[in-house]
Amino acid sequence: MEIWDESLPLGLQKYEMKPLHASLQDRPPYNKFLILVGITLISAVLFTAMAVGLCQAIWGVNLAGQNLLQDGNSNPDIISSFRFFQAMTAIGTFVLPSFLAAYLFSGNSAAYLGLDKKAKIPSLLMVVLLLLIAIPFINWMIMVNGDMHLPASMKAMEDWMKNAEEQAASTIKILLGSPSVSGLIINLFVIAIIPAIGEELLFRGVIQKEFSALTNNKHVAIVLTAVLFSALHMQFYGFFPRFALGVLLGYMYLWSGTLWLPILAHFINNAGAVILTWYTTTRAPGINPDTIGTEPGQENILALSVFMTLAGIWLLRKQLVKNTN
């Protein structure tokens, strides 16, 4: 597109507007990463502000500066507004920045994000099975991580982190405690579907790709992305299990070449937690799935889970690499 203005001095009369699509494709990786950070921060702030305003307008709930879901508060309007807030902030923080980055960094957004290639059915089934057999192993990692302590000089920080995680756990418990099936479906959409798509788009689809270009090492890129993925959840006592999940998701993307596989794995991980929490809270209060493999006398279950998980990862890699060749 060209714009002419004859009132301007000679030499400045002609101005060419370049299209935004793929306009930053040739920028160096560190430059793209800084641009991504800027886009993400701006989008997150805007969507957070919109979510707060809409919650006030629709439900009359002021979420700004208030911890409304504590102390057993189960007001339906508050829960609905908080679910809406969670969905809006996830879209603004993960989904929109990823698509904007892909639009600016590549001439083919779908290929850039790894969405242009379908995952094969056998691989999808293997991922589902892998995450199911890994439950005792994951529970054990969470238990070990939870028993870790910071040095005595950092006790104040440790107490703050514990308090923050207890509040977050209380909030999630209230959100997932709805006995209705409709509440379960809404929670699956807010806590499983949107985060699985959004976080994989941002972390594996964009960040891992740019880290790989920056370090020229795909394995280092996977580890760095997994560290960032776990750290940004702001939960120290779940850092290492989430880091391990991030590494697995990164290799799924590397081996398969499609983002749909880690999206499915991420969804199964989140959805499993939502469904199990809903079921044990509303249908079977005496069952605690979070302790499977960690109770005394369950050492054989844990050992079997560890062995089958590692074997499953090896078989999945073999299957995915075979499919991509």
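Quick look at the structure, then. Predicted, not measured: the structure shown is a model, and the values here were computed from it.

## A look at unusual backbone geometry
Within the chain, Ala-22 stands out as a residue other than glycine whose phi angle is a positive 65 degrees. Within the element layout of this structure, Ala-22 appears in the loop between strand 2 (14-16) and helix 1 (29-59). For Ala-22, a relative accessible area of 19% gives the class buried. If you check the backbone angles, Asn-216 has positive phi at about 60 degrees while not being a glycine. Structurally, Asn-216 can be placed in the loop between helix 7 (181-215) and helix 8 (218-231). Accessibility expressed as a relative area gives 71% for Asn-216, which makes it exposed.

## Describing the layout of surface pockets
By volume, the second largest pocket is sized at about 170 Å³. Around the second largest pocket, the lining residues are Gln-208, Lys-209, Ser-212, Lys-218, Tyr-253 and Leu-254. A total of three residues in the lining of the second largest pocket trace back to one element, the largest contributor, which is helix 7. Its residues placed into classes, the lining of the second largest pocket shows two nonpolar, two polar and two charged.

## Observations concerning empty space enclosed by the protein
A water-sized probe rolled over the atoms picks out the places where empty space is left. Across all of its chains, the model carries one cavity of 30 Å³ or more by this definition. Taken as a whole, the largest cavity encloses approximately 80 Å³ of empty space. Around the largest cavity, the lining residues are Lys-117, Lys-118, Ala-119, Lys-120, Ser-123, Ser-256, Thr-258, Leu-261, Leu-320, Asn-323 and Thr-324. For the lining of the largest cavity, the element with the most residues is helix 11 (residues 299-324), which contributes three residues.

About the thresholds
- Every chain is numbered independently, its residues counted from 1 as its sequence is written.
- Note on the predicted model: pLDDT of at least 70 is required for a residue's local features to be given, and 80 or more for side-chain atom pairs to be given and counted; whole-chain, interface and lining totals, by contrast, use all residues.
- Excluding hydrogens and water, the side-chain values take into account all heavy atoms of the structure.
- Numbered from the N terminus, helices here are DSSP runs of H or I no shorter than four residues, and strands are runs of E no shorter than two.
- For the exposure calls, accessible area comes from a 1.4 Å probe over protein chains only, and a residue counts as buried if that area is under 20% of its type's maximum, exposed if over 50%, partly exposed in between.
- Lining residues are defined by having an atom within 4 Å of a point belonging to a cavity or pocket. Those points lie on a 1 Å grid over the protein atoms alone, cavities being sets where a 1.4 Å probe fits but cannot get out and pockets being open sets with protein on both sides within 12 Å along at least five of seven lines.
- Grid points are joined across faces, edges and corners, and a volume is the space filled by probe spheres set on the points.
- For this scheme, ten residues count as nonpolar: Ala, Val, Leu, Ile, Met, Phe, Trp, Tyr, Cys and Pro. Four count as charged, namely Asp, Glu, Lys and Arg, and the remainder, Gly too, count as polar.

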